[in-house]
Amino acid sequence: MPKTAKLRKAKASNSIHSRAAKRVSSPSLEVDKSLLNLPVPEDPKTAPLTAKQKLDKAISEISMRTPGQGLSGEYAGVSKKKRGTRLTSKQRRRKEQGAMMAERVAGRLEKKVEESMGRNKIVERRKGNWEELNSKIEVPVDAAADMVVEMKM
């Protein structure tokens, strides 16, 4: 049978850095009594701003501007400067080859569209005037039917 560990007895927390010791003391109970005699601060809107508050206020005002109020389009907000980099000779050659290939593909597409339109015209011609064609065929069919009836007799 395996041995089991013995249960530890609860130790009294002697350290002031332990979590239990920190939970015991409450900062609200240890408030300095001299703070109660201080005057009530002024209204925050009229009170003088600290340097950090002034900076935060300026940043928020700038960020809230609309294009009609000074900043417009590409200049609104903070953006990274874009540098125009020159293409290397290989990159330029690849770009030119891509443009040439695009032209060839566009030419093939135009040719395919033209051929398709031609086939469509043939189908439309074939599709039309069925009533006219049927009226031409009915006369010979009637005559053929009469001939079949005569042959059976």
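How each quantity is defined
- Residues numbered from 1 in each chain as written.
- Predicted model: local features only at pLDDT ≥ 70, side-chain atom pairs only at ≥ 80, totals over all residues.
- Heavy atoms only, no water.
- Helix = DSSP H or I, 4+ residues; strand = E, 2+ residues; numbered from the N terminus.
- Buried < 20%, exposed > 50% of the residue type's maximum accessible area, 1.4 Å probe, protein only.
- Areas by Shrake-Rupley, 256 points an atom, 1.4 Å probe, with all protein chains shown as cover.
- Salt bridge = Lys/Arg side-chain N within 4 Å of Asp/Glu carboxyl O.
- Expected span 1.5 Å × (residues − 1).
- pLDDT = per-residue confidence, 0-100.

Peer 1: Quick question: what am I supposed to make of the overall build of the chain here?
Peer 2: A tally of helices and strands in the chain yields four helices and zero strands. For the chain, with 153 residues in total, the buried portion stands at 1%. Total accessible area on the chain is roughly 16,200 Å²; 59% of this is exposed by carbon and sulfur atoms.

Peer 1: In this structure, what is going on with the pattern of salt bridges? I would like to understand it.
Peer 2: Pairs can form between side chains of opposite charge whenever their charged atoms are close. In total, this model carries one salt bridge according to the counting rule given. Here D56 ties to K52 by a salt bridge, and the two come within 3.3 Å at their closest N and O atoms. Highlighted residues: D56 and K52, both in helix α2 (residues 51-63), separated by four residues, approximately one helical turn.

Peer 1: Is there a simple way to think about helix α3 (residues 89-127) in this case?
Peer 2: What sets the pattern is the α-helix's 3.6 residues per turn: residues three or four places apart point alike. The end-to-end C-alpha separation of α3 is 57 Å, in line with the 57 Å expected for 39 residues at 1.5 Å each. Directly beyond the C-terminal end of α3, a positive phi value near 60° is found at N129.

Peer 1: I'm lost on the confidence of the model for the chain in this one. Help?
Peer 2: The predicted coordinates should not be examined in detail at positions where pLDDT is low. A residue-level look at the chain finds 73% of positions with pLDDT of 70 or above and a mean pLDDT of 77. Here helix α4 (residues 130-152) stands out as the least confident element of the chain, with mean pLDDT 73; α3 is the most confident, with 92.

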